[in-house]
Amino acid sequence: MAATTSLPATAGSCLLQPSPCRFKGTAPVPSPRLAAASRRDGGPGVACSCYPGPPPAVPAERRGGGAGGQSTSPERTVRIVVMVGEDSVSPIKDTPWEEVMRHTADRLKWVDEGFQMLVFSDNSIENDGLKKELSCCDMLVNVAVTSDESVRWLVRNSKDISNIICFQSSPSLVNKLGGTYVEYTGEQDMFGKLANIGKPSGLKESTEVLKTVNNAWERHNSDDIRFCLLVVVNAYIRPVDVLKNLRAKGLSTLSCMIKNCGPQILNCLFDPNCRKALQCLNSCSPTDQVCNYRCIASYESPHLEAFSLCVLQKHNCLDLNAEIPSKPSVTPLTMFRDQRLSHEIAEDLFVGWLDSMEWSWRVAAGQNPAYDQFPCQYQLFYRGKARGSFWYEPVFQVKTLEGKLVWRRRRYRVRRASSPGTFYFSVLDNGVISKEFWTIVDVPDDFSWGLFHYHGAAQAAGLAYTGAVLVTPDGSYPDVENERLASALEKCGIKKWELYMVDNCSCAGAPLGTPEGSTLHYQVVPGKQIGILQKR
């Protein structure tokens, strides 16, 4: 499925806790958006990039309905150096850690060009360029560094770095946050060191930061690794605009909720599912979309929808905002069956197999860890009764936090964007409007698979996201060695190891079907004569 809206945890905590909403240890003022620009290890002689001043401007691209492009940060550049153990392997489909971290650095650029991150293997410890970078970096991240020689070198050359975090590395490499060393105690695991930071030193404000980072890191995906880095930067280096919803909102939030949404609040608190949803959300970081959406999908109810519609969408009591990301910039398919792609043909590609099958497409894999990993995902695209109307209804299965299997269904309005193969999607999901920009990246002539990319934001919930879904007629993954598919993923900036394989094994009873009076294909349909434009 595509991404849908999460109710921020902040709303739940305002009702379920006596104190004002606050995420400890974070800056109280907003800041421009942060991201990372990655530069490669250039070998001997790499010059230090320590220079003052803001990063270069990045043109903003606006896409209807509040969508926005990247902002240029007036803050100083934040510099991170990542040291990776040579030949170390990650738990992400056994992908080398160096590849994972380099790709994470590339993806950080999508948020802001002013965030610089360099990745080195520990076999380059005598590199003069590395020494220079360490001398001026804001944070050092050690990943799977266990070599005695590398450890000794890092200890000698990282004394002046204010922030050091270590994952799956030697116990001799000590964590440091805000200039304070934290002695490692406890069982060694990938995140064992960081999990204990704050307790021995009495830094109580670290507790929530560490809980957020720990939960995210243990999910082992590139989105959450990036999220970990941003959380640490936000807490100890400078505020990060994309994490502004971690910060205190003050008593005005509770006052707004009580003044404008009293009946909805009471109905929610007296409804078992709605109350469980708020309690669940209270355990999540406000910007942890994986945790938030699991709570929403597990306990959604009419009372929860009414609560979020009033508190967030109508009155914006949490004073949240989010823009549709403009990066990565993904170009749509331009030709299909030797014909230039038109809006009508693009819509037919979405409609897909619906007619010969009960669905348009089934999702075989997805990239977003919050929204694309649900089992048994069906896509239904169709033309509505009204002239020019087009609709998308994803149907998917959810295993709730209580272990139950339930079906969920959403309904998106779809409008054509300026270029054929690009579309605007909008949906009211649990009381909050999400707006998305979709791109048909590729569909072969025989409709054997499709790759659809999306950028989205739920403005009133303060959440922005990107993702992609790989679809096939039956939900099975296409040929692994498919060069055309590899090229399509590359256009989206997605590595094959980032994709979540969707469980399509036990999908009986899906609530499928389209409304009476809806129509399907206009010009092209799946068929054997793949070289001919089939008109209807």
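From a predicted model like this one, the values you see are computed outputs, not experimental measurements. Throughout, residues of each chain are indexed from 1 in the direction in which the sequence is written. pLDDT decides what is reported in this predicted model: residues at 70 or higher carry local features, side-chain atom pairs at 80 or more are listed and counted, and totals for whole chains, interfaces and linings draw on all residues regardless. Think of the side-chain values as coming from all heavy atoms in the structure, minus any hydrogens and water.

**Q** So what exactly am I meant to see when it comes to the overall build of the protein chain here?
**A** Counting its secondary structure elements, the protein chain contains 13 helices and 19 strands. Per-residue accessibility, obtained with a 1.4 Å probe over protein chains only, is compared with the maximum for each type, and a residue is labelled buried under 20%, exposed over 50%, and partly exposed between these values. Looking at the 536 residues of the protein chain, the share that counts as buried comes to 59%. Sequence-distant contacts, at least 24 apart, represent 67% of the contacts inside the protein chain between residues at least 6 apart. Exposure was quantified through the Shrake-Rupley algorithm and a 1.4 Å probe, taking into account, for residues, occlusion by the shown protein chains and nothing else. Counting only carbon and sulfur atoms, one obtains 50% of the accessible surface of the protein chain, whose full area is about 21,400 Å². What counts as a helix is a DSSP run of H or I of at least four residues, what counts as a strand is a run of E of at least two, and both are numbered from the N terminus. Any two residues whose heavy atoms approach within 4.5 Å are treated as being in contact.

**Q** Looking at this structure, how should I read a positive patch on the surface?
**A** Taken together, the side chains of Lys131, Arg152, Arg156 and Lys159 make up a positively charged region of the molecular surface. With respect to the helices and strands, the residue Arg156 is situated in helix H4 (residues 148-157). On the basis of relative accessibility, which here comes to 53%, the residue Arg156 falls in the exposed class. Residues form patches when they are more than 30% accessible in relative terms and have no salt bridge. Like charges link within 9 Å. Nonpolar side chains (Val, Leu, Ile, Met, Phe, Trp, Tyr) link within 5 Å. Note on definitions: salt bridges are taken to be side-chain nitrogens of Lys or Arg within 4 Å of carboxyl oxygens of Asp or Glu. Counted as positive: Lys and Arg. Counted as negative: Asp and Glu. His and the chain ends are not counted at all. Where a charge sits is defined by one atom per residue type, namely NZ (Lys), CZ (Arg), CG (Asp) or CD (Glu).

**Q** It is not clear to me how the pattern of salt bridges should be interpreted in this structure. Could you clarify?
**A** Two side chains of opposite charge can pair, provided their charged atoms sit close to one another. Counted by the stated rule, this structure contains 16 salt bridges. With its nearest N and O atoms 2.9 Å apart, the salt bridge here joins Glu347 to Arg383. Of the two residues, Glu347 sits in helix H12 (residues 343-351) while Arg383 sits in strand E11 (residues 378-383), which places them 36 residues apart along the sequence. A salt bridge links Asp429 to Arg410; the nearest nitrogen and oxygen atoms lie 3.0 Å apart. One end of the pair, Asp429, is in strand E15 (residues 422-429); the other, Arg410, is in the loop between strand E13 (405-409) and strand E14 (412-416), and 19 residues separate them in sequence. The class for Asp429 is buried, based on a relative accessible area of 2%. It is possible to trace a salt-bridge network through shared partners that takes in Glu344, Glu347, Asp348, Arg383 and Arg416.

**Q** What should I look at first to understand the confidence of the model for the protein chain in this one?
**A** One rule of thumb: low pLDDT means the predicted coordinates there are not for detailed reading. Mean pLDDT over the protein chain stands at 81; residues scoring 70 or higher make up 77%. Taken together, the stretch residues 17-49 has pLDDT below 50 and engages in 113 contacts with residues farther than four places along the chain or on a different chain. A score from 0 to 100, pLDDT tells how confident the predictor is in each residue. The low-confidence segment residues 51-73, where pLDDT is below 50, has 59 contacts with residues more than four positions distant or belonging to other chains.

**Q** What is the right way to read the nonpolar core from this model?
**A** One broad rule of soluble globular proteins: the nonpolar side chains tend to lie buried together. Buried Ala, Val, Leu, Ile, Met, Phe, Trp, Tyr and Cys residues form a nonpolar core when they are joined through side-chain atoms within 4.5 Å. Counting 75 residues, the largest nonpolar core has Phe336, Leu349, Phe350, Phe425 and Phe452 as its most contacted members. Aside from chain neighbours lying at most four places away, what touches Phe452 is Leu349, Phe350, Trp361, Gln379, Trp438, Thr439, Ile440, Val443, Gly467, Ala468, Val469 and Val471. In this structure, Trp97, Ile165, Leu230 and Val232 belong to the second largest nonpolar core, which totals 35 residues.

**Q** Please explain the state of the cysteines as it appears in this structure.
**A** By definition, a disulfide is the covalent link that joins the sulfur atoms of two cysteine residues. Disulfides are defined in this document as cysteine sulfur pairs within 2.5 Å. Within this structure, the stated rule accounts for six disulfides. The disulfide partner of Cys256 is Cys317, and the S-S distance across this bridge is 2.1 Å. Between Cys256 and Cys317, the disulfide has an S-S torsion of -65° and is therefore left-handed. Of this pair, Cys256 sits in helix H8 (residues 251-270) while Cys317 sits in the loop between helix H11 (302-314) and strand E8 (335-336), placing them 61 residues apart in sequence. In terms of burial, Cys256 and Cys317 fall into one category: buried. The disulfide partner of Cys280 is Cys295, and the gap between their sulfur atoms is 1.9 Å. Here Cys280 and Cys295 share a disulfide; its torsion about the S-S bond, -70°, makes the bridge left-handed. With a gap of 15 residues between them, Cys280 in helix H9 (residues 272-282) and Cys295 in helix H10 (residues 289-299) connect regions that are remote in the sequence. Across the pair, Cys295 and Cys280 agree in class, each one buried.

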